[in-house]
Amino acid sequence: MKDKGYDADYAVNVTVTSSIAGIIIPPSHNMIIFALATGGAVSISKLFLAGVVPGVLMCCCLAIAAYVVAVKRGYKAEQFPGWTALAIAFVGSIPGLLTAVIIVGGVLSGVFTVTESGAFGAMYAFLVTLLVYRSLSWEAFKTAVVSSVRTTSMVMILIACAGAFAYMLTFNRVPTKTVEFLLGITENPILILLMINAVLLLLGMIMDMAALILICTPIFLPVMNMLGIDPLQFGMILLVNLGLGLCTPPVGTCLFVGCAVGKLPMEKAVKTIWPFYLAIFAALMLITFVPAISLTLPNLIIGE
């Protein structure tokens, strides 16, 4: 983007905020962690479907913010390369895009379990990268394997600890006390939802996402059940909040990585990132207060 004439802060802000769309657009491993944190009360297939519309909505909000900022800064629009170039690019991307189709389609159709679809997806991605795109070197393969083992080990340890943590919460009646505490402040469901959103966002700024999913789900899910919020919708609320936290200081993992890659001081990026924060926040409020955004697609395809 820098080579095309965009400022460094704009390039970093667009890249960082759009990267969190992968958290809620399937296939997302964070959805699997959330499903495990609910104790199997939520279908992973439904979660995958529930994330499609919220993910597209968030991307649309970010696109509007990017367009408004680009116009305000006077960035010139590039000439349309033509439908032929577009078709060639699309055809070239089909082998890669089929990875998501195999994973999500396999789960939704019932052909694969979630574990099996992940295995087949990984095998297919390996073969496509090696034989079709020819971009996988031996060093890159070793790096990918080591990275995946580390990530998987971390998540499995967290999940193992989460079982004991959930038992402790239940034994000490923490979910019940949380409900009583919130109702002691207000019985207005809108205010309770706003408070939960604020807590999730603040926690997302300072803690790891996988750990927060495992910690917050058993605490806040009973509150959401009390309010009549579907667990699928709560999953989307949780993931978007924590995703926004990844782009927000003081921790802001995605923001730190984006600034490091873009060689931009984080202070400079934060000064101009607020339109993108507002875009994600607008999508979050719609997801929070319009249940149909999260529930329509899974209910239509799989049923209630």
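As a reminder, the structure under discussion sits directly above these lines.
Here goes a summary of the coordinates provided.

What about helix 16 (residues 292–301)?
Burial in helix 16 covers these residues: Ile293, Ser294, Leu295 and Pro298. Here the buried face of helix 16 lies against helix 4 (44–50), helix 5 (52–73), helix 12 (231–246) and helix 15 (274–289). Downstream of helix 16 by a residue or two, glycine 303 has a phi angle that is positive, lying close to 100°.

Some words on the packing of helix 3 (residues 29–37) against helix 11 (residues 209–227)
Orientation of helix 3 relative to helix 11, taken along the N-to-C sense of each, is 30°, at an axis distance of 9 Å. Here helix 3 lies roughly parallel to helix 11, going by the angle between them. Seen along the crossing, helix 3 lies across helix 11 with a hand that is right-handed. Residues Asn30, Ile33, Phe34 and Ala37 of helix 3 touch helix 11, and the partners they reach there are Met209, Ala210, Ile213, Leu214, Thr217 and Pro218.

A short note on the environment of serine 109
As for its placement among the helices and strands, serine 109 is situated in helix 6 (residues 83–109). With 64 residues separating them in the primary sequence, serine 109 and serine 45 have C-alpha atoms 9.2 Å apart.

Structural notes on a nonpolar patch on the surface
Together, Phe90, Val91, Ile94, Leu97, Leu98 and Val101 make up an exposed nonpolar region whose accessible area comes to about 530 Å². Along the chain, isoleucine 94 turns up in helix 6. Judged by its relative accessible area of 32%, isoleucine 94 is partly exposed.

Description of the side chain of asparagine 197
Mapped onto the elements of the fold, asparagine 197 is located in helix 10 (residues 189–206). Look at asparagine 197 and you get buried, because its relative accessible area is 4%. Within polar-contact distance, the side chain of asparagine 197 engages the side chain of asparagine 241 at 2.6 Å. Sequence-distant contacts of asparagine 197, that is, excluding residues within four places in its chain, are made with Ile237, Asn241, Leu284, Met285 and Thr288.

Side note on the pattern of salt bridges
Once the charged atoms of two side chains with opposite charge are near each other, the side chains can pair. Throughout the structure, instances matching the rule amount to 4 salt bridges. One salt bridge connects aspartate 7 with arginine 73, and the closest N-O pair in it is separated by 3.3 Å. With aspartate 7 in the segment before helix 1 (8–19) and arginine 73 in helix 5, the pair connects residues that are 66 residues apart, well separated along the chain. Judged by its relative accessible area of 38%, aspartate 7 falls in the partly exposed class.

Observations concerning the environment of alanine 65
With respect to the secondary-structure elements, alanine 65 resides in helix 5. For alanine 65, a relative accessible area of 9% gives the class buried. Spatially, the C-alpha atom of alanine 65 lies 33 Å from that of glycine 228, the residues being 163 residues apart in sequence. Filtering out sequence-adjacent residues up to four positions away, alanine 65 remains in contact with Pro275, Phe276 and Ala279.

Procedures and definitions
Residues numbered from 1 in each chain as written. Predicted model: local features only at pLDDT ≥ 70, side-chain atom pairs only at ≥ 80, totals over all residues. Heavy atoms only, no water. Buried < 20%, exposed > 50% of the residue type's maximum accessible area, 1.4 Å probe, protein only. Helix = DSSP H or I, 4+ residues; strand = E, 2+ residues; numbered from the N terminus. Contact = heavy atoms within 4.5 Å. Axes fitted to C-alpha atoms, helices over the stretch in contact; angles between N-to-C directions. Parallel < 35°, antiparallel > 145°, perpendicular 65-115°, else oblique. Left-handed = near helix turned anticlockwise from the far one by under 90°. Patch = residues over 30% accessible without salt bridge, like charges linked within 9 Å, V, L, I, M, F, W, Y side chains within 5 Å. Areas by Shrake-Rupley, 256 points an atom, 1.4 Å probe, with all protein chains shown as cover. Salt bridge = Lys/Arg side-chain N within 4 Å of Asp/Glu carboxyl O. Polar contact = N/O pair within 3.5 Å; in protein donor to acceptor, adjacent residues only side chain to side chain.

Geometric descriptors of this kind do not, in isolation, establish any biological role.
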